[in-house]
Amino acid sequence: ISNTEAALASMQGVTDGARDTWLLGEAEYYMQLANAQLQLAGNPELASLALGMADDRIAQLANPALTNVRIALADEIAALAGMQTTDIEGVTLKLASIARVVETLPLRPIDRIEDAQEVVPEEEMGPLDRAWSKVKGTASEMIKHRTTDETVMPLISPEAEYFLRTNLALQMQTARLALLRGERQIYESSLSDSAEWLTAYFDASSAQVGAALDTIAELQGAMVAAESPDISESLRLLRRQTSVSENAQ
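Being a predicted model, the structure only gives us computed values, none of them experimental.

As for the overall build of the chain
Here is step 1 of the chain: A tally of regular secondary structure across the chain gives ten helices and zero strands.
Here is step 2 of the chain: Traced from its N-terminal end to its C-terminal end, the chain shows the element sequence α-α-α-α-α-α-α-α-α-α.
Here is step 3 of the chain: Expressed as a percentage of the 249 residues in the chain, the buried residues total 27%.
Here is step 4 of the chain: Pairs at least 24 residues apart make up 76% of the contacts formed inside the chain by residues separated by at least 6 positions.
Here is step 5 of the chain: Element-wise, carbon and sulfur atoms account for 54% of the exposed surface of the chain, whose accessible area totals about 15800 Å².

Points about the side chain of glutamate 76
Here is step 1 of the chain: Structurally, glutamate 76 is set in helix α4 (residues 67–81).
Here is step 2 of the chain: Look at glutamate 76: it is buried, it has no salt bridge, and the nearest opposite charge is arginine 236 at 6.7 Å.
Here is step 3 of the chain: For glutamate 76, the side chain forms a polar contact with the main-chain nitrogen of glutamate 233, separated by 3.2 Å.
Here is step 4 of the chain: Discounting residues that sit within four places of it in the chain, glutamate 76 has contacts with Leu51, Asp230, Ile231, Ser232, Glu233 and Ser234.

Description of the confidence of the model for the chain
Here is step 1 of the chain: Chain-level pLDDT for the chain is 78 on average; 71% of the residues reach the 70-or-more range.
Here is step 2 of the chain: Across residues 111–118, confidence stays below pLDDT 50; counting only partners more than four residues off in sequence or on other chains, it has four contacts.
Here is step 3 of the chain: Across residues 138–154 the pLDDT falls below 50, and counting only partners more than four positions away or on other chains, this stretch makes eight contacts in the model.

Parameters at a glance
Residues numbered from 1 in each chain as written. Predicted model: local features only at pLDDT ≥ 70, side-chain atom pairs only at ≥ 80, totals over all residues. Heavy atoms only, no water. Helix = DSSP H or I, 4+ residues; strand = E, 2+ residues; numbered from the N terminus. Buried < 20%, exposed > 50% of the residue type's maximum accessible area, 1.4 Å probe, protein only. Contact = heavy atoms within 4.5 Å. Areas by Shrake-Rupley, 256 points an atom, 1.4 Å probe, with all protein chains shown as cover. Lys, Arg positive; Asp, Glu negative; His and termini not counted. Salt bridge = Lys/Arg side-chain N within 4 Å of Asp/Glu carboxyl O. Polar contact = N/O pair within 3.5 Å; in protein donor to acceptor, adjacent residues only side chain to side chain. pLDDT = per-residue confidence, 0-100.

Okay, here's the thing in structure tokens:
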């Protein structure tokens, strides 16, 4: 656009009116772009940049009638600067880090599962109960001796383990996409499900799993639901002034 404007300005016979019309068209375009970036893409940084470029075009016109437009632009740029925004890059890097280590996280071992039944003291048992308790204890010892090869068996089959790890990595990707799209509910739900799976199926006593859970807990409150300011007033004022000028001509 700048190159085209320079070429247009250098053409012989081009009037000031044509140049002004071109600059007004550019300013309106940048204002529309700013509104789209804020409302549709959720990107206040690019919206602020576009408004700044619109103000630069209007400043080149040196038209006192557009002073109110420049005042509105200044207010809108200040409102964008005051928005509390999410550190999208930092959160995305942490989500990607968790997704990368999913394959190496240790699963929860069988011997960590506790019997939920109430333990009754042996002196309070009857003869049959005491005999059955000894049988169960002997069977338990036999199982323990069979698994003392230092290899901890997972709670799930290899096929289920593959899908569990794959789905956990996909949850990280879902959270990342929801972050970029500003979909806070999906973002929070993906992280919550991931934390539940890590707690239920992985060894929470492991430093790796513990670090992943801590990171997820940190990220759950990282997405800021900032209310977007209204930055359309400058565009309305510019169009109104343009309409008045055209009618006057």
